[in-house]
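The chain contents come next:
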Amino acid sequence: MASMRIGHFRRPRRLRDDDVIIEFIDMGRFIRVSAIDQATGIEVSMVGDPKAGKDTLSRLAARKLRYVLRNHALKKPKKHNRKKRVL
């Protein structure tokens, strides 16, 4: 079950390790880490200390991606105002 509608809200799907692409870019004194959800294409980025290790940084980037996906899924859909304005 990818996503289930509950009223106006959708329950976020569970994120597995093989659903996420992790990218590391060494910027000298810090590392830029990007996590991309393959299903939606949503990407998050963060920077971290290279001394923290790639396992820790990838875990933190995946946690941030889960946070963004959860908040994105819980947003109410916008209703468009179809009324025309008369000037």
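Residues numbered from 1 in each chain as written. Predicted model: local features only at pLDDT ≥ 70, side-chain atom pairs only at ≥ 80, totals over all residues. Heavy atoms only, no water.

Novice: Can you help me understand a nonpolar patch on the surface in this one?
Specialist: There is a patch of nonpolar side chains on the surface, built from Met 27, Phe 30 and Val 47 and spanning about 280 Å² of accessible area. Since its relative accessible area comes to 55%, Val 47 is described here as exposed. (Patch = residues over 30% accessible without salt bridge, like charges linked within 9 Å, V, L, I, M, F, W, Y side chains within 5 Å. Areas by Shrake-Rupley, 256 points an atom, 1.4 Å probe, with all protein chains shown as cover. Salt bridge = Lys/Arg side-chain N within 4 Å of Asp/Glu carboxyl O. Buried < 20%, exposed > 50% of the residue type's maximum accessible area, 1.4 Å probe, protein only.)

Novice: Looking at this structure, how should I read the pairing of strand β3 (residues 20-26)?
Specialist: Summarising the sheet, β3 and strand β4 (residues 31-37) pair through 7 bridges and their orientation is antiparallel. Opposite Ile 22, over in β4, you have Ala 35 as the bridge partner. Linking two consecutive strands that pair antiparallel, namely β3 and β4, is a turn of 4 residues; a positive phi of about 95° is found at Gly 28 within it. (Pairing = 2+ DSSP bridges. Helix = DSSP H or I, 4+ residues; strand = E, 2+ residues; numbered from the N terminus.)

Novice: Quick question: what am I supposed to make of the confidence of the model for the protein here?
Specialist: For the protein, per-residue confidence averages 79 on the pLDDT scale, and residues scoring 70 or more make up 66% of the total. Note on residues 1-12: pLDDT under 50 across the span, and 18 contacts to partners over four residues away in sequence or across chains. (pLDDT = per-residue confidence, 0-100. Contact = heavy atoms within 4.5 Å.)

Novice: Explain the packing of aromatic side chains to me, please; I cannot follow it from the model alone.
Specialist: Across all of its chains, the model carries 0 aromatic pairs by this definition. If you follow Lys 54 out to its NZ or CZ, it ends over the ring of Phe 24, 5.0 Å from the centre. (Phe/Tyr/Trp six-rings, centres within 6.5 Å; stacked < 30°, edge-to-face > 60°. Lys NZ or Arg CZ within 6 Å of the ring centre and 35° of its normal.)

Novice: Whenever I open this one, helix α1 (residues 54-74) confuses me. Can you help?
Specialist: For an α-helix the count is 3.6 residues per turn, leaving residues at separations of three or four pointing the same way. Spanning 21 residues, α1 covers 30 Å between terminal C-alpha atoms, matching the ideal 30 Å at 1.5 Å per step. Listed in full, the buried residues belonging to α1 are Leu 57, Ser 58, Ala 61, Ala 62, Leu 65, Leu 69 and Ala 73. Within α1, the buried residues cover an arc of 140° as seen down the axis, which keeps them to one side. (Expected span 1.5 Å × (residues − 1). Arc of directions from axis to C-beta.)

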